[in-house]
Each structure stands twice: as C-alpha cells, then as structure tokens.
Amino acid sequence: MSSEDGTSEAIALAAEKRWAYVVAGIIVILLAMMIVTGLHWAAMPPSRVETIDVNTVHLKGEFVESNLGTALGPDGKVTVRLVAQQYSFVPQCIVVPADMPVTFRGTATDAIHGFIVGRTNANTMLIPGFIATFTTRFSRTGEWLMPCHEYCGTGHEAMWARVQVLPPQEFLAKAQAGERLDCVSR
Ligand code: CUA
C-alpha cells in the first residue's frame, strides 16, 4: 500500500515538474517578446512607419519636385506631398479643398522639422528617413500660415509655408481642368 502511494507521489511530482518547466518556458518567451518589441519600437517614430532613403528623396520616387504639391487621384482622393529642408517647405504654398478629406504625406531631408496649419488639427513632425502621413479635413476656406514647429537650426523661425483652402467646387474645377494646383493670388 505504502509503496503504491510512493509511486503515485513520484508520478505526480514528475508531472508537476514538467508543467513547471512549460510555464517557465512560456514566461521566458513572453518576456523575450516584450524586450524585442520594446527595443524595436523605441528606435522608431511613434506612428505607422514608412521609410525613405534621404539621399535619393530629390532624385527618384514619390518626393521628386515635379510630384510635390496637391494631387487629385483618379479615385477622387486628395493628397498633398511636401518636403521640408533647412529652411523652407516645398512647395511654399499648398492648395487644398474645404470639407473633403486631405491626406498629407511629407518627409524631411536634413533635420527634424514639423508643421502645424493655422488653427487646424493638421500637425506632424517630419523626420529624415521617414514618411509622415495623416488625413484631415479643413472646415473653413481661407488662408492659413504653416510654420515649422520643430527647432531645426538658425533659420527655424523663418521657415513657413502657406495653405490655401478653396471651396470644394473651385478646387475640383481646377483639378479636373488639369491645371496645376498652385495657390491663387487673392
Ligand atoms: Cu524647420 Cu524648424
């Protein structure tokens, strides 16, 4: 009787040990995942990450000069592409429609810049090597100042662009006429 008890006790102990190893293993795996993802994210800007080669921004791809500014896509989506550099934005004046979603895509070539558009919620940082993207909607027509709001060097306070918000009909008429979407003087 006592020997049987001893055997089942030994079996139970062995089973407990096995499960203890399994649990310890799971904890080690979870900790490793936390450490790896923590380090990975610590090295990235805190938004969706899209990278770009700083050395070829001006030469090829999405941010060549001829592709900058506002574009109305075949799907009807409005996209603004811009580049920030010491100490200006390209383009210097951006045309957008009111009351339509507008997606900004921007990057920087030399230092960390940023911008905010007047008293709207359009606000982002532009970091060399990364593409910043956000979509917003301008509720009022008019002209806003768009200053750089990250200290980027001695010319920082002189770095700004303008944003012209047109009535949607006027914007769409210009865009569909194939006109370049430049700012209009008013
Ligand atoms: Cu660019 Cu401050």
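Residues numbered from 1 in each chain as written. Predicted model: local features only at pLDDT ≥ 70, side-chain atom pairs only at ≥ 80, totals over all residues. Heavy atoms only, no water.

Asks: I'd like a description of the overall build of the protein chain, backed by residues and values.
Replies: Regarding its fold elements, the protein chain presents 2 helices and 10 strands. In the protein chain, the succession of α and β elements from N to C terminus is α-β-β-β-β-β-β-β-β-β-β-α. The dimensions of the protein chain, computed from C-alpha atoms along their principal axes, are 100 × 40 × 30 Å. Taking all 186 residues of the protein chain together, the buried fraction comes to 37%. Total accessible area on the protein chain stands at roughly 11,500 Å², and carbon and sulfur atoms take up 60% of it. The average position of the 14 basic charges and that of the 17 acidic charges among the side chains of the protein chain differ by 9 Å. (Helix = DSSP H or I, 4+ residues; strand = E, 2+ residues; numbered from the N terminus. Buried < 20%, exposed > 50% of the residue type's maximum accessible area, 1.4 Å probe, protein only. Areas by Shrake-Rupley, 256 points an atom, 1.4 Å probe, with all protein chains shown as cover. Lys, Arg positive; Asp, Glu negative; His and termini not counted. Charge placed at Lys NZ, Arg CZ, Asp CG, Glu CD.)

Asks: Could you give an account of the sheet that holds strand β10 (residues 160–166), with specific residues and numbers?
Replies: Reading across from one edge, β4-β10-β9 is the order of the 3 strands in this open sheet, with mixed pairing throughout. The strands lining the two open edges of the sheet, one partner per strand, are β4 (93–97) and β9 (142–147). The mean inter-strand angle of the sheet, taken between neighbouring strand axes irrespective of direction, is 25 degrees. (Pairing = 2+ DSSP bridges. Axes fitted to C-alpha atoms, helices over the stretch in contact; angles between N-to-C directions.)

Asks: Give a detailed account of the side chain of H113, specifying residues and quantitative values.
Replies: When you line up the elements, H113 lands in strand β6 (residues 113–116). If we skip the residues at most four places from it in the chain, H113 touches A84, Q85, Q86, A108, M125, L126, C148, E150, C152 and M159. (Contact = heavy atoms within 4.5 Å.)

Asks: I'd like a rundown of the domain arrangement of the protein chain, residues and numbers included.
Replies: Looking at the protein chain, the domain boundaries give domain 1 (1–44) and domain 2 (65–176). Using only C-alpha atoms to locate each centre, domain 1 and domain 2 end up separated by 53 Å. (Domains from an automatic or database assignment.)

Asks: Which residues make up the nonpolar core, and what values go with them?
Replies: The tendency in soluble globular proteins is for nonpolar side chains to be buried side by side. In terms of nonpolar packing, the biggest core is built from 33 residues, with F89, F115, F138 and M146 touching the most fellow members. Secondary structure elements with two or more residues in this core: β2 (78–85), β4, β5 (101–108), β8 (132–137), β9, β10 and α2 (168–176). The residues contacting F89, other than those within four sequence positions of it, are L82, V83, A84, G114, F115, L126, M146, P147, C148, M159, W160 and A161. (Core = buried A, V, L, I, M, F, W, Y, C linked by side-chain atoms within 4.5 Å.)

Asks: An account of the packing of aromatic side chains is requested, with residue identities and associated values reported.
Replies: Scanning the entire structure with this criterion turns up 5 aromatic pairs. For the ring pair F89 and F115, a centre distance of 6.0 Å and an interplane angle of 85 degrees mean the geometry is edge-to-face. Taken together, the residues span a long stretch of sequence, with F89 in strand β3 (residues 88–90) and F115 in strand β6 at a distance of 26 residues. Ring centres of F104 and F134 lie 5.1 Å apart, and the angle between their planes is 10 degrees; on these two criteria the pair is classed as stacked. Of this pair, F104 sits in strand β5 while F134 sits in strand β8, placing them 30 residues apart in sequence. F134 shares its class with F104; the two are buried. (Phe/Tyr/Trp six-rings, centres within 6.5 Å; stacked < 30°, edge-to-face > 60°.)

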